[in-house]
Amino acid sequence: MGKITGRSPDWLSLSLVGNFRLCDPDGRELRVSEKKARVLLAMLATARDRRRSREWLKSRLWDRAFEVQASNSLRQSLHVLRKSLAPWSDAVQADYEHVWLDHVDVALDPGDDTRVEFFEDAPRLGEAGEDWLREERQAFAVRLEDARRAMMEAGNRSPAPVVPPDAATLPCVLIGNPVVVADDVRAEVVAERITNAIENTFRQNGFVDTYDLRDVQSNQLEGKAQDSVSRPPVLVEVRVSLIGQELQATIVARVPATGKVIWTSSIASDRDAAFAIASETMMEFVMGAVDSIEALISRQAGPEIRPTLYTAVHQLFGLSREGILDAQDLLRQFTGQAASPNAEAWLAFGAMLLRNEIRETRDEAVGQAGEHLARALESDPSNAVVRAIAGHYEGFLRGDLATAARHLYESRRVLPNLAFAWDATAMNHIYSGDIERGAQAADVARNLGRYSPYRYYYDASAVIAATLQGRHSDAIRIGRRVLAKRPRFLPVLRHMFVSHALLDEREAALDCYRQIRELDPHFGTERMDHEDFARASNNSLTMIHEGLRHSGLLE
């Protein structure tokens with residue numbers, strides 16, 4: 001349990017360091033059995049003044065419900081929570097607009113325990129709730145790193161050295177044999193298909209060294225560095241059980257040496273419809289698991305801090321010029337190693353970002369993108385990530401939509417749950433003028449990438465599609481979420497400008513316009529029609545012109 005400082009004798013204490021723990025003033029644990037009620041308490045505890053608006057809580061906990069239903073659900077959760085807290089029910093206060101905590105000490109400081117995670121036993125939440133949880137865990141990770149640094153300074157220890165990457169730096173994932181607790185052939189099929197999808201996704205992403213413990217015939221160490229499996233691995237297992245009439249599939253990631261679970265999640269399906277788990281739902285489930293596990297283990301502390309391929313890709317998605325250049329320097333160190341095809345492909349992606357996303361005019365960088373992709377495709381033509389980036393390059397940069405479509409089809413065939421491939425497919429459809437199919441592919445990408453650190457990138461395509469479909473309120477709503485993460489994301493700013501302008505929201509349109517002109521002085525001028533202008537679909541350019549004319553801003 002985390003450290004609570006200055007605790008008052010008459011107050012309840014709530015710790016979100018590790019598992020959720022709520023205690024009365026005498027230190028006895030209070031049980032809050034209702035899952036949403038526990039999350040509600042955690043959401044209040046992490047607010048700056050321990051207060052949230054009812055609208056905020058409804059949007060995170062019941063984001064897919066109608067307004068009346070969400071209001072009723074919040075009222076019910078508050079009733080259940082207060083009943084659980086009796087005789088300290090007044091610890092949760094509410095009025096017509098807000099809910100807040102009163103006389104509750106909250107522990108968010110890891111103290112001396114630097115091996116824990118924020119709210120480890122949090123239940124599975126909806127899309128908006130998972131966004132909140134991910135952000136809080138990222139903030140907790142920063143506090144955890146501060147705690148480690150403070151411990152080092154207190155002990156006069158030098159910070160861990162940063163070691164150049166080599167073939168032994170990739171984190172290690174072991175794929176375990178699926179565990180089936182049901183005498184049902186459908187359960188065995190579902191377990192095997194989910195395990196296969198996990199193994200394939202880890203291997204195609206290339207962020208970790210993947211070893212399949214089910215394979216006892218192949219030499220999986222061939223070509224590996226001598227110490228490539230000497231680092232503490234993470235074991236990923238799939239468990240399928242029959243609970244009543246439901247098949248429940250669970251993905252668990254644990255540290256084999258200690259048995260500590262670092263991540264787990266479950267889905268369930270009616271037994272008679274069990275194969276639904278192994279279709280679109282399974283794709284989203286697997287992608288969410290792999291994204292979350294990769295993010296967790298790639299930042300694990302060790303005796304030496306070694307940058308990884310994941311580190312470099314993460315920096316690329318920051319979309320800043322300096323960050324992209326630094327990421328490319330790191331990626332170059334991975335070329336010629338086991339992760340070489342993926343590193344070459346991401347180097348190409350970085351060159352494309354420099355050329356388009358942040359308005360750098362660099363013919364040399366464009367040429368380098370093609371060279372990196374040629375080497376990547378020659379080295380591993382069946383790599384889904386390489387094919388997806390190649391499709392993005394052909395459609396987004398070169399305008400060869402047919403070649404792009406072939407690459408993207410192959411990428412999705414090899415790895416159907418790759419969000420990046422579906423996102424590039426969405427934009428390829430949009431470039432070709434098929435807005436409807438583009439919007440559909442964008443929705444698939446968003447669902448697959450909902451637990452990815454780069455979800456805002458997939459949301460961007462949904463913003464573009466919504467603007468082009470005339471769903472301007474949706475474009476603005478999604479766009480605000482993107483800009484909260486990446487305020488300089490030009491494609492989103494441009495389409496939000498259009499949507500604000502066509503809704504006659506002049507002040508908001510002008511605000512977007514000013515932000516765009518700071519980043520792109522050619523916006524709103526004749527230069528937009530020049531072939532050197534950052535690539536946008538013909539439909540997008542038409543609507544941008546319409547928005548500029550509607551606002552009287554076309555120069």
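Residues numbered from 1 in each chain as written. Predicted model: local features only at pLDDT ≥ 70, side-chain atom pairs only at ≥ 80, totals over all residues. Heavy atoms only, no water.

Chemist: For this particular structure, what's the right way to read the pattern of salt bridges?
Modeler: Under the defined criterion, the tally for this structure stands at 21 salt bridges. When salt bridges with common partners are traced through the structure, they connect Arg-446, Arg-455, Asp-459 and Arg-481 into a single cluster. (Salt bridge = Lys/Arg side-chain N within 4 Å of Asp/Glu carboxyl O.)

Chemist: Mind showing me how you'd approach the packing of helix H13 (residues 419-431) against helix H14 (residues 435-448) here?
Modeler: The description of two packed helices rests on the angle between their axes and on the distance between the axes. Their axes nearest at 7 Å, the elements H13 and H14 cross at an angle of 165°. The pairing of H13 with H14 is recorded here as roughly antiparallel in orientation. In the crossing of H13 with H14, the sense of the turn from one axis to the other is left-handed. Residue-level contacts link Ala-419, Trp-422, Asp-423, Thr-425, Ala-426, His-429 and Ile-430 of H13 to Ile-435, Arg-437, Gly-438, Ala-441, Ala-442, Val-444, Ala-445 and Leu-448 of H14. Grouping the amino acids of the contact of H13 with H14 by side-chain chemistry returns ten nonpolar, three polar and two charged. (Axes fitted to C-alpha atoms, helices over the stretch in contact; angles between N-to-C directions. Helix = DSSP H or I, 4+ residues; strand = E, 2+ residues; numbered from the N terminus. Parallel < 35°, antiparallel > 145°, perpendicular 65-115°, else oblique. Left-handed = near helix turned anticlockwise from the far one by under 90°. Contact = heavy atoms within 4.5 Å. Nonpolar A, V, L, I, M, F, W, Y, C, P; charged D, E, K, R; others polar.)

Chemist: Hey, could you run me through the packing of aromatic side chains in this one?
Modeler: Aromatic ring pairs are reported here in terms of the distance separating the ring centres and the angle at which the planes meet. Counting across every chain of the model gives 19 aromatic pairs. Consider the rings of Phe-317 and Trp-346, whose centres lie 6.0 Å apart with planes at 70°: the pair is edge-to-face. Linking Phe-317 in the loop between helix H7 (309-316) and helix H8 (321-332) with Trp-346 in helix H9 (residues 340-357), this pair joins segments that are 29 residues apart in sequence. Ring centres of Tyr-457 and Phe-489 lie 6.2 Å apart, and the angle between their planes is 25°; on these two criteria the pair is classed as stacked. Residue Tyr-457 is found in helix H15 (residues 455-468), and its partner Phe-489 is found in the loop between helix H16 (472-485) and helix H17 (490-502); the two are separated by 32 residues along the sequence. (Phe/Tyr/Trp six-rings, centres within 6.5 Å; stacked < 30°, edge-to-face > 60°.)

Chemist: Looking at this model, I keep getting lost on the sheet that holds strand E1 (residues 12-15). Mind explaining?
Modeler: Backbone hydrogen bonds hold the strands of a sheet together, and the pairing may be parallel or antiparallel. Pairing within the open sheet is mixed, and its three strands lie in the order E2-E1-E6. The sheet terminates laterally at strand E2 (21-23) and strand E6 (104-107), the two strands that pair on one side only. Pairs of neighbouring strands in the sheet enclose a mean axial angle of 15°, with direction left out of account. (Pairing = 2+ DSSP bridges.)

Chemist: Just checking my understanding: could you explain unusual backbone geometry for this structure?
Modeler: Outside of glycine, negative phi angles account for most residues, and trans bonds account for most peptide bonds. Across the junction of Ala-86 and Pro-87, the peptide omega takes the value 10°, indicating a cis bond. Turning to its location among the elements, Pro-87 is positioned in the loop between helix H3 (67-85) and strand E4 (92-94). Phi angles above zero are rare outside glycine, and His-103 is one such case at about 60°. Following the sequence through the fold, His-103 ends up in the loop between strand E5 (98-101) and E6. At Asp-504, a residue that is not glycine, the phi angle is positive and equals roughly 60°. As for its placement among the helices and strands, Asp-504 is situated in the loop between H17 and helix H18 (506-519).

Chemist: Explain the environment of Arg-137 here, please?
Modeler: Along the polypeptide, Arg-137 turns up in helix H4 (residues 127-154). For Arg-137, a relative accessible area of 19% translates into the label buried. Engagement of the side chain of Arg-137 in a polar contact is seen with the backbone oxygen of Phe-118, the distance being 3.1 Å. Looking at Arg-137, its side chain comes within polar contact range of the main-chain oxygen of Phe-119, at 2.8 Å. (Buried < 20%, exposed > 50% of the residue type's maximum accessible area, 1.4 Å probe, protein only. Polar contact = N/O pair within 3.5 Å; in protein donor to acceptor, adjacent residues only side chain to side chain.)

Chemist: Looking at this model, I keep getting lost on H17. Mind explaining?
Modeler: The end-to-end C-alpha separation of H17 is 18 Å, in line with the 18 Å expected for 13 residues at 1.5 Å each. Extensive coverage of H17 is indicated by the burial of twelve of its 13 residues. Among the residues making up H17, those that are buried are Leu-490, Pro-491, Val-492, Leu-493, Arg-494, His-495, Met-496, Phe-497, Val-498, Ser-499, His-500 and Ala-501. Positive backbone phi, at 60°, marks Asp-504, one or two positions downstream of H17. (Expected span 1.5 Å × (residues − 1).)

Chemist: Just checking my understanding: could you explain the packing of H17 against helix H19 (residues 538-551) for this structure?
Modeler: H19 packs onto H17 with a crossing angle of 45° between their chain directions and a minimal axis gap of 9 Å. Comparing their axes, H19 and H17 come out oblique. The way H17 lies across H19 gives a crossing that is left-handed. Between H17 and H19, the residues in contact are Arg-494, His-495, Phe-497, Val-498, Ala-501 and Leu-502 and Ser-540, Met-543, Ile-544, Glu-546, Gly-547, Leu-548, His-550 and Ser-551, respectively.

Chemist: Sorry, what's going on with the sheet that holds E4 here?
Modeler: Across the sheet, three strands lie side by side as E3-E5-E4; this open sheet has antiparallel pairing. In this open sheet, the two strands that pair with only one neighbour each are strand E3 (51-53) and E4. Along the sheet, successive strands turn relative to each other by an average axial angle of 20°, direction set aside. The pairing of E3 with E5 spans three bridges and is classified as antiparallel. Each bridged residue has a counterpart across the sheet, and for Ser-53 the counterpart in E5 is His-98. Contacting E3, E4 and E5, helix H1 (residues 35-45) runs over the sheet at an angle of about 80° to E5. Strands in contact with H3 are E4 and E5; relative to E4, the strand with the most contacts, it is inclined by about 145°.

Chemist: When you look at the nonpolar core in this model, what are you seeing that I'm missing?
Modeler: Generally speaking, soluble globular proteins have nonpolar side chains that are buried together. If you look at the biggest cluster of nonpolar residues, it comprises 115 residues, and the most contacted ones within it are Ile-198, Val-236, Ile-251, Trp-346, Phe-349, Phe-420 and Phe-497. Phe-497 has contacts with Ala-509, Cys-512, Tyr-513, Ile-516, Phe-523, Ile-544, Gly-547, Leu-548, Ser-551 and Leu-553, leaving out every residue within four places of it along the chain. With 41 residues, the next largest nonpolar core counts Leu-16, Val-17, Val-99 and Leu-144 among its residues. (Core = buried A, V, L, I, M, F, W, Y, C linked by side-chain atoms within 4.5 Å.)

Chemist: In this structure, what is going on with H13? I would like to understand it.
Modeler: Counting along an α-helix, one turn takes 3.6 residues, and residues three or four places apart therefore face a common direction. Relative to the 18 Å expected for 13 residues at 1.5 Å per residue, H13 spans 18 Å between its end C-alpha atoms, a close match to the ideal helical length. The element H13 is largely enclosed, with a buried count of twelve among its 13 residues. When H13 is considered as a whole, its buried residues turn out to be Ala-419, Phe-420, Ala-421, Asp-423, Ala-424, Thr-425, Ala-426, Met-427, Asn-428, His-429, Ile-430 and Tyr-431. Just beyond H13, the residue with positive phi is Gly-433, at close to 95°.

Chemist: In this structure, what is going on with the pairing of strand E7 (residues 172-175)? I would like to understand it.
Modeler: A regular strand carries its side chains on alternate faces of the sheet. Of the two faces of E7, the one carrying Cys-172 and Leu-174 and the one carrying Val-173 and Ile-175 are both buried. As paired elements, E7 and strand E9 (residues 209-212) share four bridges and run parallel to each other. Among the inter-strand pairings, Val-173 is bridged to a residue of E9, identified as Thr-210.

Chemist: Can you help me understand the environment of Leu-548 in this one?
Modeler: Inspection of the secondary structure puts Leu-548 in helix H19. Along the chain, Leu-548 and Val-498 lie 50 residues apart, while their C-alpha atoms are 7.6 Å from each other. Non-local contacts of Leu-548, meaning those with residues more than four positions away in its chain, are made with Phe-497, Tyr-513, Phe-523, Gly-524, Met-528, Leu-553 and Leu-554.

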